[in-house]
Amino acid sequence: MLETPTVACRVALADGELTWQMTSATHPGLDVSPSPLSRITVGGQRLQLSAAADVRFGAPADGTLTLTLRVPSADGRLQLIQHVQAFAGHPFVRMWAELINLSDEPVQVTGCDILNMRAPLDGRNNLFHVEQFSWNYRPDKFALHKVQIVPGRAAHEIRMGSFGAHYWAPSSCAWAALRAGLDSPDEPDVARSDIGLVLGIEFNGKSRLFAWAREGHTFLRSTIDDLAHALAPGQTFDVPACFIGRFLGDWDEAGYVTQRFAEAHVYPPAPDERYPWAQYNSWGYGQDIHEAQQLAAIERCAELGIEAVVMDLGWARRIGDWRPDPNKFPRGLRPLSERCAALGMRFGVHMALAQMSLDAPAAQAHPEWLIHTGDDYFGAAPLCLGHVPCREWLTGEIMRLIDEEGVNYIIQDGEDMVKRCGRNDHTHAPGDSNYANSERGLDCLIATIRRQRPHVTLENCEDGGCMLTYKMARLYHTSITVDNIATYATRQGIYGASFPFSLRYSVRYMQDDPNRYTLRSAIFGGPLILMQRITEWTPQQVAETRAAIARYKELRTLTRDAKVIHLLAPRYNVEGRGWGWDAIQAVSPDRSRSVVMVFRAMGGPTQRTIRPRGLEATTVYRARAEDRGDLGTMTGAALMRDGLELRLDEFDSEAIWIEAQRSV
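Residues numbered from 1 in each chain as written. Predicted model: local features only at pLDDT ≥ 70, side-chain atom pairs only at ≥ 80, totals over all residues. Heavy atoms only, no water.

(A) Up close: the sheet that holds strand β29 (residues 457-462). The parallel closed barrel is built from eight strands, whose spatial order is β21-β22-β25-β28-β29-β30-β31-β32. Put simply, the sheet's adjacent strands are angled 30° from each other on average, direction ignored. Note that strand β30 (residues 478-482) and strand β31 (residues 507-510) share two bridges and pair parallel. Opposite V482, over in β31, you have R508 as the bridge partner. (Pairing = 2+ DSSP bridges. Helix = DSSP H or I, 4+ residues; strand = E, 2+ residues; numbered from the N terminus. Axes fitted to C-alpha atoms, helices over the stretch in contact; angles between N-to-C directions.)

Shown next as structure tokens:
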């Protein structure tokens, strides 16, 4: 039994299987009934465990409690090391395991449950999840799904992990919330307060979550796709981690408890006290970049208040040949990185890590590293990171680049970072590329960079906003949500991704020309990345952008720790410009400050009542609109009940600051 002030978790071993259950006497939420733990299939047969187990407890310095069980298999060939972790300050349990081959013969792991859980069902439960980015699947980005889990219905299936943005089907962030109450279909944005559970999956490969109900319970099961892992004698198979937490409230509360837990126990520390930064990316110039042009852009960045500069695709000789193009950058990237350093800015590069041009030297020397020779990304072929020699070469190239060119920021991009590779001459089994290219490929590569060059900031940009998992969030400092697309879709990405992830994992690339509407659409959260030809701006555009960046820096001090409240969803990406009103809010943990960002795209009514939430009912607040001025003082109860009347033109916006004055 693990028991903290927030949660109790009981682990049992019976009938050849481990089970777990979670309850709490202090933090409300759905209980977890006894459920299978680390259910693994070896050679097509479910792993049977011995009745004997070595049980150890640990209490690390961070205030967590860890239970570790070493359990041999019934036939003595394997050993399962199961870890269960509980946290004093958060109502969460985290679980992961290792399976070790103790025999003299290889075995094949053919199935693995990342999570298996059942919760009591009172009539029907609601499951909530959020899509991740796709170029093709739908124009509305990060769509929200609320699904009733009803006995007798087919299981609801959610794809999670590294699905490329050109995949013609939905895939979702690796997070879901289950709530006992049902949302009103007529008032989808009204807050409800019900007991619930949240879960997060720490696996970058492709996985699926199934949800169904029967016999008085809701069942949730997460499994690894296409698993055929050859486990050699003495080697270890890592069961990916997952975490489960309890909450009382609405979907915003489910997101908030997840984010507070992840900030404390999943995400890497923020790179500095200013983070998330205001940044510049060279993609507005395409691949036609060169030293003089980008040195001029760096000077403009300093004028605007930018904090990090990144050279996008086009700086290198070719994809997979990670040296500066001598025609564009005859002195290398050092003149740029040193000028950035002198101006107090970070300097970074874009790298398509799992791609390689056919004429790159490494491709010429090792054509067997390529999965095939077709066009996978900007003319480059796919590279297999699950093949150990390839991964080790790439690791060395990245370290050399960092050291030689003064790089301290890397954007990892590419088409589907966890490749499907069926080659039989690689170090992974032909049918095991989903697991090998994630756990033994990409994850190992990024973890090595983090360990050997801890000063480097890492951004996930898989094909525009995919692979939004908690293994990604454990390895990277930030992630894109939507690619370089228009303002409305950018707001859709911010709105959806801010349920599962903290706002620092909602990079927005700003491509539209700067004006009050487009700039305000981009400053909630961060990092904020300008992706325009900034050296060609008019003085007015420079002045408006400089003012917006200053406001962004003021706003981030609130939003990076705030509870995000989703008021009006941007659901209708009509003609790429959007339709009607949308609004999102951030409230400080002590409820003394709040900001509400309100937008009107094309169409919809000219006037709307905006009702903020999450305020202290008895506190008197002053509301002030940035464009319209003082909106008066009223209690939090009155603000939440009566709201604020706003009139907006098409493609207009407003930012409303709400600050506590006193309590009554």
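(B) Looking closely at helix α10 (residues 539-559). Under the 1.5 Å per step criterion, the end-to-end length of α10 is 30 Å for 21 residues, consistent within 8% with the ideal 30 Å. Looking at α10, one finds that the buried residues are Q541, V542, T545, A548, I549, Y552, L555, R556, L558 and T559. (Expected span 1.5 Å × (residues − 1). Buried < 20%, exposed > 50% of the residue type's maximum accessible area, 1.4 Å probe, protein only.)

(C) Spatial organisation of empty space enclosed by the protein. This model, assessed by the stated rule, comprises seven cavities of 30 Å³ or more. Here the largest cavity defines a volume of roughly 80 Å³. R491, I494, Y495, S521, F524, P570, D582, A583, I584, M597 and F599 are the residues that line the largest cavity. Looking at the lining of the largest cavity, the elements with two or more residues in it are α8 (487-497), β34 (581-587) and β35 (593-600). Across the lining of the largest cavity, the residue classes break down as eight nonpolar, one polar and two charged. Counted as a void, the second largest cavity has a volume near 70 Å³. If you go around the second largest cavity, the residues you meet are G16, E17, L18, L37, S38, R39, I40, R46, L47, L49 and L80. Among the residues forming the lining of the second largest cavity, the class breakdown is six nonpolar, two polar and three charged. (1 Å grid on protein atoms, 1.4 Å probe; cavity = no way out; pocket = protein on both sides within 12 Å on 5 of 7 lines; lining within 4 Å. Points joined across faces, edges and corners; volume = space filled by probe spheres on them. Nonpolar A, V, L, I, M, F, W, Y, C, P; charged D, E, K, R; others polar.)

(D) The arrangement of the packing of aromatic side chains in detail. Throughout the structure, instances matching the rule amount to 23 aromatic pairs. Summarising the aromatic geometry, the rings of F237 and Y435 are spaced 4.6 Å apart at their centres and angled 25° between planes, so their arrangement reads as stacked. Here F237, found in strand β20 (residues 236-249), pairs with Y435, found in helix α6 (residues 433-452); they are 198 residues apart in sequence, far enough to count as distant. For the pair shown, F237 and Y435 are each scored as buried. The interplanar angle of 90° and the centroid separation of 4.8 Å between the aromatic rings of Y275 and W277 together place this pair among those described as edge-to-face. W277 gets classed as buried once you look at its relative accessible area, which sits at 0%. Counting every residue linked through ring pairs, the aromatic cluster contains F87, F92, F243, F261, Y267, Y470, F501 and Y505. One cation-aromatic arrangement involves R94 over W96; the distance from NZ or CZ to the ring centre is 4.6 Å. (Phe/Tyr/Trp six-rings, centres within 6.5 Å; stacked < 30°, edge-to-face > 60°. Lys NZ or Arg CZ within 6 Å of the ring centre and 35° of its normal.)

(E) Fine view of the sheet that holds strand β16 (residues 194-202). Pairing within the open sheet is antiparallel, and its nine strands lie in the order β7-β8-β9-β10-β20-β16-β15-β12-β13. The sheet terminates laterally at β7 (54-58) and β13 (144-149), the two strands that pair on one side only. When the angles between neighbouring strand axes are averaged without regard to direction, this sheet yields 20°. In terms of strand pairing, strand β10 (residues 90-101) meets β20 through eight bridges, oriented antiparallel. Within β20, the position partnered with L99 by the bridge is F237.

(F) Highlighting the pattern of salt bridges. Applying the stated criterion to the full structure yields 50 salt bridges. Taking the shortest distance from any N to any O, the salt bridge between R39 and E17 comes out at 2.7 Å. Of the two residues, R39 is situated in the loop between β4 (32-36) and β5 (40-42) and E17 in strand β3 (residues 17-23); the sequence distance between them amounts to 22 residues. Relative accessible area serves as the criterion here: at 22%, R39 is assigned to the partly exposed category. In this structure E17 comes out as buried when scored by relative accessible area, which is 18%. With its nearest N and O atoms 2.8 Å apart, the salt bridge here joins R613 to D252. One end of the pair, R613, is in the loop between β36 (607-610) and β37 (619-625); the other, D252, is in helix α1 (residues 251-265), with 361 residues separating them in the sequence. Overall, the relative accessible area of 17% leaves R613 in the buried class. Overlapping salt bridges, with partners in common, bring together R516, R520, R551, E554, E626, D627, R628, D652 and E654 in one network. (Salt bridge = Lys/Arg side-chain N within 4 Å of Asp/Glu carboxyl O.)

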